[in-house]
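Listed here are the chains, written in short residue letters.
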Amino acid sequence: MRHFRFPPQLFRLVLLTLAIVGAYLVARTLLTPQSFGEYGWYRGSALAEIASRTPVFAGKKACAECHADIAQKMAQSEHKTFSCEACHGANREHAMDHDVVPAKVPDSYCLRCHEGNPSRPSWIKQIVVKDHYGEKCSDCHLPHQPTQSP
Ligand code: HEC
Ligand code: HEC
Ligand code: HEC
Ligand code: HEC
């Protein structure tokens, strides 16, 4: 019977494995943020950090408090599901202080959703601008009631 000899390569491989695993363990202790795992698989302090940011959106309800007429018209239109800020952008500042005037929504913004594009779901009505009636959408479509003209 041949005498079993421990292959020297094996010893190096074991050493290398220990070194790699050890390096990961050290890195994990040093690099894991302190509050990680406090509530779950994330940084506990992230909650406070995110909550302390200043909100920039006011929400449709807030807009409707002063612009009830527009909110009502829009509620009966094809655009009924939209929030006001989907087109007008974040406008909390304006909602708190209406001396701050919201930026104009350019006509080209309509094309973000309506420009013909094969990858867009077909239930969204699409136009090919050069075959349509013109580029100035607001000449013919009220933005809050798009199937009505001004
Ligand atoms: C506290 C009342 C108030 C709230 C809340 C409010 N607005 Fe206004 N908004 C006004 C007033 C007042 C004007 C100026 C009136 C006018 O010129 O017709 C105005 C004007 C505007 C204009 C036209 C600006 C221009 O070019 O003249 C837009 C667009 C607008 N608001 C969007 C919004 C949106 C979107 C929201 C919700 C995020 C909102 N508003 C919330 C009072 C308010
Ligand atoms: C589909 C995009 C879109 C949505 C959604 C939208 N708007 Fe507008 N809105 C426009 C455009 C375009 C104009 C005309 C250009 C401008 O004033 O920026 C306009 C103009 C306005 C104006 C000033 C002119 C006017 O008609 O009195 C107010 C105020 C306004 N929007 C409020 C609102 C409110 C409140 C909501 C939510 C209930 C809302 N908008 C939702 C696109 C939109
Ligand atoms: C955020 C995406 C979005 C934006 C921006 C947007 N729309 Fe729409 N629009 C829709 C959706 C969704 C509908 C409902 C589905 C449909 O009819 O295509 C709709 C419906 C319409 C319709 C009715 C189509 C029909 O005959 O049923 C017209 C017209 C229209 N939009 C024009 C406009 C104009 C003009 C603007 C710019 C002021 C605009 N849209 C901005 C998504 C958008
Ligand atoms: C000169 C008037 C005019 C202008 C400008 C105009 N449209 Fe229209 N649009 C119409 C008329 C009329 C219809 C309905 C009948 C039709 O489709 O021929 C329509 C229909 C639509 C529809 C529904 C298409 C469908 O398949 O039912 C969408 C979406 C639309 N327009 C978006 C826009 C957008 C976005 C702009 C700006 C880039 C714009 N339109 C500019 C007159 C106009």
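Residues numbered from 1 in each chain as written. Chains lettered and ligands numbered in written order. Predicted model: local features only at pLDDT ≥ 70, side-chain atom pairs only at ≥ 80, totals over all residues. Heavy atoms only, no water.

Peer 1: Talk me through the overall build of the protein; I want residue IDs and the actual numbers.
Peer 2: Counting secondary structure elements, the protein contains seven helices and zero strands. Going residue by residue from the N terminus, the α and β elements of the protein occur as α-α-α-α-α-α-α. Its C-alpha atoms give the protein a radius of gyration of 30 Å, clearly above 15 Å, the size a compact globule of 150 residues would have. Considering only C-alpha atoms, the protein reaches an extent of 100 × 40 × 25 Å along its principal axes. Expressed as a percentage of its 150 residues, the buried residues of the protein come to 10%. (Helix = DSSP H or I, 4+ residues; strand = E, 2+ residues; numbered from the N terminus. Rg over C-alpha atoms; globule rule 2.2 N^0.38 Å. Buried < 20%, exposed > 50% of the residue type's maximum accessible area, 1.4 Å probe, protein only.)

Peer 1: How would you explain the coordination of the iron atom of ligand 4 if you had to name every residue and give the values?
Peer 2: Around the iron atom of ligand 4, the donor atoms from the protein are His132 (NE2) and His141 (NE2), and they sit 2.0 Å away. Here the iron atom of ligand 4 binds six donor atoms, and the angle range of 88 to 180° at the metal identifies the geometry as octahedral. Assessed through its relative accessible area of 27%, histidine 132 is described here as partly exposed. According to the relative accessible area criterion, histidine 141 is partly exposed, its value standing at 35%. (Donors = N, O, S within 2.8 Å, 3.2 Å for Na, K, Ca; no water. Tetrahedral: all angles 85-135°; square planar, octahedral: opposite > 155°, others 65-115°.)

Peer 1: Describe the site of ligand 2, listing the residues and the values that go with them.
Peer 2: In the neighbourhood of ligand 2, 15 residues make up the surrounding shell, with Cys84, Cys87, His88, Val105 and His144 lying closest. Take histidine 88: an N or O atom from its side chain is 2.8 Å from a nitrogen atom of ligand 2. Within the contact set of ligand 2, an oxygen atom lies 2.8 Å away from a backbone nitrogen or oxygen of valine 105. Put simply, the parts of the chain that give the shell around ligand 2 at least two residues each are helix H4 (68-75) and helix H5 (84-88). Grouping the constituent residues of the shell around ligand 2 by class yields nine nonpolar, five polar and one charged. (Near = heavy atom within 4 Å. Polar contact = N/O pair within 3.5 Å; in protein donor to acceptor, adjacent residues only side chain to side chain. Nonpolar A, V, L, I, M, F, W, Y, C, P; charged D, E, K, R; others polar.)

Peer 1: Go over the coordination of the iron atom of ligand 3 with me, naming the residues and quoting the values.
Peer 2: Ligation of the iron atom of ligand 3 by protein atoms is provided by His79 (NE2) and His114 (NE2), these donors lying 1.9 to 2.0 Å from the ion. Classification of the site at the iron atom of ligand 3 as octahedral follows from its six donor atoms and the range of 87 to 178° in their angles at the metal. Remark: histidine 114 occurs in helix H7 (residues 108-114) and histidine 79 occurs in the loop between H4 and H5; sequence separation between them is 35 residues. Judged by its relative accessible area of 16%, histidine 79 falls in the buried class.

Peer 1: Hey, could you go over the packing of aromatic side chains for me, with residue numbers and the actual values?
Peer 2: A ring pair, where both rings are aromatic, is described by two values, the distance of the centres and the angle of the planes. Throughout the structure, instances matching the rule amount to one aromatic pair. An angle of 75° between the planes, with centres 5.2 Å apart, marks the rings of phenylalanine 36 and tryptophan 41 as edge-to-face. Look at tryptophan 41 and you get exposed, because its relative accessible area is 76%. (Phe/Tyr/Trp six-rings, centres within 6.5 Å; stacked < 30°, edge-to-face > 60°.)

Peer 1: Which residues make up the site of ligand 1, and what are the values?
Peer 2: Inspection of the region around ligand 1 gives 15 residues, with Cys63, Cys66, His67, His94 and Lys104 positioned closest. Between ligand 1 and histidine 67 there is a distance of 2.8 Å, counted from a nitrogen atom to a side-chain nitrogen or oxygen. Secondary structure elements with two or more residues in the shell around ligand 1: helix H3 (60-66), H5 and helix H6 (92-96). Among the residues forming the shell around ligand 1, the class breakdown is eight nonpolar, five polar and two charged.

Peer 1: Mind laying out the domain arrangement of the protein, listing which residues take part and the relevant values?
Peer 2: Examined at the domain level, the protein breaks down into domain 1 (8-51) and domain 2 (60-139). For domain 1 versus domain 2, the distance between C-alpha centres works out to 47 Å. (Domains from an automatic or database assignment.)

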